[in-house]
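The chain contents come next:
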Amino acid sequence: MNISKREISIFIEIVFSILFTIFFLPYFYDNRFEIYDFDTSIIKLVEIIVFSIIYFSLAYTLLEIFIRKKIINDERDTLIDLKSYKMGYLLYEISLFSFIGIIISSQMYQNNGGLVFLIMLWLVLVSFIKSVYQLYLYRTS
């Protein structure tokens, strides 16, 4: 099976979404019923940023070392990117209305970290779906 450099970079994004879910989402899940304090979450935010920088730097450096050919964008690439970002945008719009409804209807999510957990879960889910859809479009087009 011949996988292009662009497909590998999309796969890197998918793996990041999975790793983020495994390593960082449990923290937000465990704290969803507590009063959310942003001062105590600064350490976790720094860990997420450092993990992201190290992961993407290492992954894309290895990708460039092992696959030397350049990525050339053509109309097909632009169309696939536009389709996947359109799907991601639609999912974000749907989630916006969902979160507004959750905030208005549920007293439980107004004062604690439950809403933060839902937002983090939804962001990871949308990113994962967008990347998988983009990979699907590359493999089938």
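Please refer to the structure higher up on the page.
Residue positions are given per chain, counting from 1 as you read along its sequence in written order. The predicted nature of this model means local features are confined to residues of pLDDT at least 70 and side-chain atom pairs, given and counted, to a pLDDT of 80 or more, with totals for whole chains, interfaces and linings taken over all residues. Neither water nor hydrogens contribute to the side-chain values; these are computed over all heavy atoms in the structure.

(A) Seen up close, the nonpolar core. Ranked by internal contacts, the top residues of the largest apolar core, which has 15 residues, are Ile12, Phe20, Phe28, Ile48 and Met120. Secondary structure elements are taken from DSSP: a helix is a run of H or I of four residues or more, a strand is a run of E of two residues or more, and numbering for both begins at the N terminus. Listed by contribution, the elements that provide at least two residues to this core are helix H1 (5-23), helix H2 (25-30), helix H3 (42-66) and helix H5 (114-140). Residue contacts follow a heavy-atom distance rule, with two residues in contact if any of their heavy atoms lie within 4.5 Å. Those residues in contact with Met120 that lie beyond four places of it in its chain are Phe20, Leu25 and Phe28. We define a nonpolar core as any set of buried Ala, Val, Leu, Ile, Met, Phe, Trp, Tyr and Cys residues linked to one another through side-chain atoms lying within 4.5 Å. Summary of the burial criterion: residues with accessible area below 20% of their type's maximum are buried, those above 50% are exposed, and those between are partly exposed, where the area comes from a 1.4 Å probe applied to protein chains only. Ranked by size, the runner-up nonpolar core spans six residues in total, among them Ile10, Ile14, Leu137 and Tyr138.

(B) Layout of the environment of Ile65. Residue placement: Ile65 occurs in helix H3. With 42 residues separating them in the primary sequence, Ile65 and Phe23 have C-alpha atoms 27 Å apart.

(C) Examining the packing of aromatic side chains more closely. Stacked, edge-to-face and tilted are the three classes for Phe, Tyr and Trp ring pairs, Trp counted by its six-membered ring, which pair at centre distances within 6.5 Å; planes under 30 degrees apart are stacked, over 60 edge-to-face, the rest tilted. Counted by the stated rule, this structure contains eleven aromatic pairs. Taking the centre distance of 5.2 Å and the plane angle of 75° together, the rings of Tyr55 and Phe56 count as edge-to-face. Residue classification places Tyr55 among the buried positions, given a relative accessible area of 15%. By relative accessible area, which is 25% here, Phe56 ends up partly exposed. Following the ring pairs from residue to residue traces out a cluster consisting of Phe16, Phe20, Phe23, Phe24, Phe51, Tyr55, Phe56 and Tyr60. Over the ring of Tyr85 we find Lys130; its NZ or CZ atom is 4.4 Å from the centre of that ring. In this analysis the charged atom, NZ for Lys or CZ for Arg, is taken to sit over a ring once it is within 6 Å of the ring centre and within 35 degrees of the ring normal.

(D) Expanded view of the environment of Ile43. Position of Ile43 relative to the elements: it lies in helix H3. Its relative accessible area of 60% is what places Ile43 among the exposed residues.

(E) Region of the structure containing the side chain of Glu7. With respect to the helices, strands and loops of the structure, Glu7 is situated in helix H1. Owing to a relative accessible area of 6%, Glu7 belongs among the buried residues under this scheme. For Glu7, the residues in contact, after removing those within four places along its chain, are Asn2, Leu135, Tyr138 and Arg139.

(F) Here's a closer look at the pattern of salt bridges. Each reported salt bridge corresponds to a side-chain nitrogen of Lys or Arg within 4 Å of a carboxyl oxygen of Asp or Glu. Scanning the model with the defined rule gives five salt bridges in all. Residue Lys5 pairs with Glu64 through a salt bridge whose shortest N-O separation is 2.9 Å. With Lys5 in helix H1 and Glu64 in helix H3, the pair connects residues that are 59 residues apart, well separated along the chain. Residue Glu64 is classed as partly exposed on the basis of its relative accessible area of 42%. Glu47 is paired through a salt bridge with Lys44; the nearest N and O atoms lie 3.1 Å apart. With a gap of three residues between them, Glu47 and Lys44 both fall in helix H3, about one helical turn apart. By relative accessible area, which is 38% here, Glu47 ends up partly exposed. A relative accessible area of 17% means that Lys44 is categorised as buried.

(G) Quick peek at the packing of H1 against H5. Convention adopted: a line fitted to C-alpha atoms gives each axis, helices being fitted over their contacting stretch, and angles between N-to-C directions are expressed from 0 to 180 degrees. The N-to-C vectors of H1 and H5 enclose an angle of 155°; their axes lie 9 Å apart at closest approach. The angle between H1 and H5 places the two elements in the roughly antiparallel class. Judged by the twist between their axes, the crossing of H1 over H5 is left-handed. Between H1 and H5, the residues in contact are Arg6, Glu7, Ile10, Glu13, Ile14, Ser17, Ile18, Phe20 and Thr21 and Met120, Val124, Ser127, Phe128, Lys130, Ser131, Val132, Gln134, Leu135, Tyr138 and Arg139, respectively. By the convention adopted, Pro, Cys, Tyr, Trp, Phe, Met, Ile, Leu, Val and Ala count as nonpolar, Lys, Arg, Asp and Glu as charged, and the other residues, Gly among them, as polar. Class assignment for the residues of the contact of H1 with H5 results in ten nonpolar, five polar and five charged. The labels follow the angle: roughly parallel below 35 degrees, roughly antiparallel above 145, roughly perpendicular from 65 to 115, and oblique for the rest. Crossings are assigned a handedness: left-handed for a near helix turned anticlockwise from the far helix by less than a right angle, right-handed for a clockwise turn.

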